[in-house]
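Chain and residue survey
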Amino acid sequence: MKTVRSVRTMVAFAATIVLSTAMAVAVANSASAASTLGAAAAESGRYFGAATNSFMLNRQPHATVLNREFNSIVAENEMKWYHTEPNQNQFNFTAGDQLIAHARARGMTVRGHTLVWHSQQPQWARNMSGTALRNAMINHINRVAGHWRGQIHSWDVVNEAFADGGSGARRDSNLQRTGNDWIEVAFRTARAADPNAKLCYNDYNTDGINAKSTAIYNMVRDFKSRGVPIDCVGLQSHLGTSLDPTYQQNIQRFADLGVDVQITELDILQGSNQANMYGQVTRACLAVARCTGITVWGVLDPDSWRTGANPLLFDGNGNKKPAYDAVLNALNAGGNPTPPTSAPPATTAPPATTAPPATTAPPATTPPPPGGGCSATVSMNSWNGGFVATVRVTAGPASINGWRVRLTVPSGASVTNAWNADRSGNTGAVDFTNVSYNGQVGAGQSTEFGFQASGNGSIPTPGCTAS
Ligand code: G3I
């Protein structure tokens with residue numbers, strides 16, 4: 001009895017504290033109700049962003065609304081592979097640079113969208129497969145994430161890699177056919193190329209607990225258990241007329257894995273439930289401490305890819321819609337503060353003088369003289385503290401059925417992952433052996449494998465043994 005009474009007393013005491021805290025928060029909120037989306041989101045440590053395009057930055061009323069309301073932007077299209085590397089190894093950063101300069105000048109953060117996606121690949125990549133595509137992907141990540149190193153809040157490293165429907169399977173694509181490890185290779189490469197960006201996996205039809213979001217959940221859990229670098233999950237949230245009742249629960253279960261969650265491409269079909277749903281989504285994010293930001297996929301309704309759906313917060317004249325009020329009110333009602341470690345990095349980017357990592361790939365070695373069964377050459381993409389090496393194995397005058405490359409990793413360096421080869425060890429002399437699909441190399445023909453390592457230095461000419 002005594003226990004029950006003291007528990008009751010404690011509950012009553014705790015309730016008083018909760019109530020008075022809630023009142024204090026409410027008073028604080030009403031006293032400081034912000035008048036823009038970005039400012040209101042910032043009060044709980046979050047960002048509120050919008051997708052835009054460089055050619056819209058001076059277009060009215062888009063520009064006025066963008067600059068007034070949002071504290072984060074994302075390129076709707078201009079950081080995608082087809083845009084940034086239209087021809088292999090020829091990079092176009094102009095539009096992305098403009099977007100970043102625009103954001104920096106206004107203290108906005110920038111989401112990067114997207115390093116690797118089965119869609120919107122340049123034609124040359126669409127024509128590729130196997131080792132060539134895998135290496136092209138790695139090079140693309142190194143060059144693009146390297147170019148904007150230190151300036152991206154979060155990268156959608158991989159976009160939409162899971163199939164729709166109930167299978168929970170990976171989506172078939174040329175990337176998937178390079179081997180199931182392509183996603184983790186992409187994340188490891190991105191981490192090395194831009195160590196300060198949060199690395200996200202981003203997908204749609206994941207706006208509740210379903211087979212697809214569960215498959216992604218299982219991948220994230222696996223990545224966390226094996227130390228594959230992943231920091232966040234993007235829920236695109238292209239929504240219709242009702243919200244999945246497990247929307248918040250789904251956010252929470254990802255957060256419980258130790259990753260941030262971001263609502264990355266929010267738009268909601270205009271109709272009688274639009275404003276209510278915008279409020280629901282906002283509140284769901286605010287309720288989960290690790291849901292660190294919301295991005296709407298466009299500014300004005302006519303900007304939207306969903307022609308005729310009017311799914312955004314502003315009409316074509318830049319007027320605020322009821323959906324806008326629902327979001328602003330939800331933000332101003334406050335939410336669970338984001339944990340200190342997941343607050344967006346400083347909105348000022350590092351000094352322009354910060355050199356991007358060396359992104360060209362000069363040959364590190366010269367090939368050994370032909371004559372043996374095979375020879376190997378190495379080229380390296382290096383930055384301070386790490387590198388990706390691409391090793392080319394060339395058969396001699398006769399075809400070979402297998403190969404082993406022995407190379408010496410620089411002193412102090414350590415291999416973290418490899419692709420298209422099995423390896424023994426990670427420091428000193430390391431042997432790389434062909435895998436099942438690349439052992440046979442025709443006379444004078446070549447195949448490639450690669451690996452990533454921490455550390456600095458160069459690699460002497462490797463030895464190659466054919467079998
Ligand atoms: O820029 C070319 C132009 O030169 C060409 O003449 C014209 C002819 O079709 O196409 C233009 O490219 C279009 C591009 O948007 C830029 O406007 C593409 O056709 C068009 O397919 C592309 O659509 C984009 C789509 O992704 C595909 O990349 C949408 O604007 C963009 O909103 C949409 O965004 C995606 C996210 O990246 C991922 N999640 C889903 C979301 C909606 O589909």
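Everything in this summary refers to the structure shown in the same document. Keep in mind the model is a prediction, meaning the values are calculated, not measured.

The next subject is the site of the ligand. Around the ligand, 14 residues are found, and the nearest of them are Glu76, Lys80, His113, Glu160 and Glu265. In this structure, an oxygen atom belonging to the ligand sits 2.5 Å away from a side-chain N or O atom of glutamate 76. Contact distances for the ligand include 2.7 Å between an oxygen atom and a side-chain N or O atom of lysine 80. About the coverage of the ligand: the protein hides 50% of its 780 Å² of free accessible area. Residues that form the shell around the ligand fall into these classes: four nonpolar, six polar and four charged.

This paragraph deals with the packing of helix 11 (residues 274–287) against helix 12 (residues 322–332). Viewed as axis vectors pointing N to C, helix 11 and helix 12 meet at an angle of 25 degrees, and their least axial separation amounts to 8 Å. Considering the angle they form, helix 11 stands roughly parallel to helix 12. The handedness of the crossing between helix 11 and helix 12 comes out as right-handed. Packed against helix 11, whose contacting residues are Gln274, Ala275, Tyr278, Gly279, Thr282, Arg283 and Leu286, the element helix 12 presents Pro322, Ala323, Ala326, Val327, Ala330 and Leu331 at the interface. Its residues placed into classes, the contact of helix 11 with helix 12 shows nine nonpolar, three polar and one charged.

Spatial ordering of the open sheet is given by 14-15-12-17, a layout of four strands whose pairing is antiparallel. Of all the strands in the sheet, just strand 14 (422–424) and strand 17 (463–466) have a single pairing partner and so form its edges. Neighbouring strand axes in the sheet, compared pairwise and without regard to direction, differ in orientation by 20 degrees on average. When strand 14 meets strand 15 (residues 429–433), the two strands line up antiparallel, connected through three bridges. Note that in strand 15 the partner of arginine 423 across the bridge is phenylalanine 432.

Attention now goes to helix 9 (residues 211–226). For helix 9, which comprises 16 residues, the first-to-last C-alpha distance of 23 Å matches the rise-based estimate of 22 Å (1.5 Å per residue) to within 8%. Those residues of helix 9 that fall on the buried side of the exposure criterion are Lys212, Ser213, Ala215, Ile216, Tyr217, Met219, Val220 and Phe223. Residues of helix 9 that are buried in the fold lie against helix 8 (182–193), strand 5 (198–203), strand 6 (232–235) and helix 10 (247–256). Downstream of helix 9 by a residue or two, glycine 227 has a phi angle that is positive, lying close to 80 degrees.

Attention shifts here to the pairing of strand 2 (residues 72–75). Residue alternation in strand 2 divides its side chains into two sets, Ser72 and Val74 and Ile73 and Ala75, and both sets are buried. Pairing analysis gives four bridges linking strand 1 (residues 47–52) to strand 2, with the strands arranged parallel. The residue of strand 2 that forms the bridge with glycine 49 is serine 72. Read from strand 1 through helix 3 (residues 62–69) to strand 2, the crossover connection turns out right-handed.

This brings us to the state of the cysteines. What the rule picks out here adds up to three disulfides. Each disulfide pairs two cysteine sulfurs, and for cysteine 200 the partner residue is cysteine 232, the sulfurs being separated by 2.1 Å. The S-S bond linking cysteine 200 to cysteine 232 shows a torsion near -90 degrees; that makes this disulfide left-handed. On the criterion of sequence distance, the pair formed by cysteine 200 in strand 5 and cysteine 232 in strand 6 is long-range, its members being 32 residues apart. There is no split in this pair, since cysteine 200 and cysteine 232 are both buried. Across the disulfide from cysteine 374 sits cysteine 464; the S-S distance is 2.0 Å. Disulfide cysteine 374 to cysteine 464: torsion about the S-S bond roughly -105 degrees, handedness left-handed. Separated by 90 residues along the polypeptide, cysteine 374 in strand 10 (residues 374–383) and cysteine 464 in strand 17 bring together distant segments of the chain. By the burial criterion, cysteine 374 is buried, and cysteine 464 matches it.

Regular strands show a simple pattern: their side chains alternate between the two faces of the sheet. With nine of nine residues buried, strand 8 (residues 260–268) lies mostly within the body of the structure. Pairing of strand 6 with strand 8, which is carried by four bridges, proceeds in the parallel orientation. In the sheet register, valine 233 faces strand 8, and the bridge partner there is valine 261. Pairing of strand 7 (residues 238–239) with strand 8 involves two bridges; the strand directions are parallel. Its bridge partner lying in strand 8, leucine 239 is registered against isoleucine 268. Once the chain exits strand 7 it traverses helix 10 before rejoining the sheet at strand 8, and the crossover so formed is right-handed. Where strand 8 meets strand 9 (residues 291–296), four bridges bridge the pair, whose relative direction is parallel. Each residue of the ladder has a partner; that of glutamine 262, found in strand 9, is glycine 293. One crossover worth recording links strand 8 to the parallel strand 9 by way of helix 11, and it is right-handed.

So, how was this worked out
- Residues numbered from 1 in each chain as written.
- Predicted model: local features only at pLDDT ≥ 70, side-chain atom pairs only at ≥ 80, totals over all residues.
- Heavy atoms only, no water.
- Near = heavy atom within 4 Å.
- Polar contact = N/O pair within 3.5 Å; in protein donor to acceptor, adjacent residues only side chain to side chain.
- Areas by Shrake-Rupley, 256 points an atom, 1.4 Å probe, with all protein chains shown as cover.
- Nonpolar A, V, L, I, M, F, W, Y, C, P; charged D, E, K, R; others polar.
- Axes fitted to C-alpha atoms, helices over the stretch in contact; angles between N-to-C directions.
- Helix = DSSP H or I, 4+ residues; strand = E, 2+ residues; numbered from the N terminus.
- Parallel < 35°, antiparallel > 145°, perpendicular 65-115°, else oblique.
- Left-handed = near helix turned anticlockwise from the far one by under 90°.
- Contact = heavy atoms within 4.5 Å.
- Pairing = 2+ DSSP bridges.
- Expected span 1.5 Å × (residues − 1).
- Buried < 20%, exposed > 50% of the residue type's maximum accessible area, 1.4 Å probe, protein only.
- Right-handed = clockwise from strand over helix to strand, strands pointing away.
- Disulfide = S-S within 2.5 Å.

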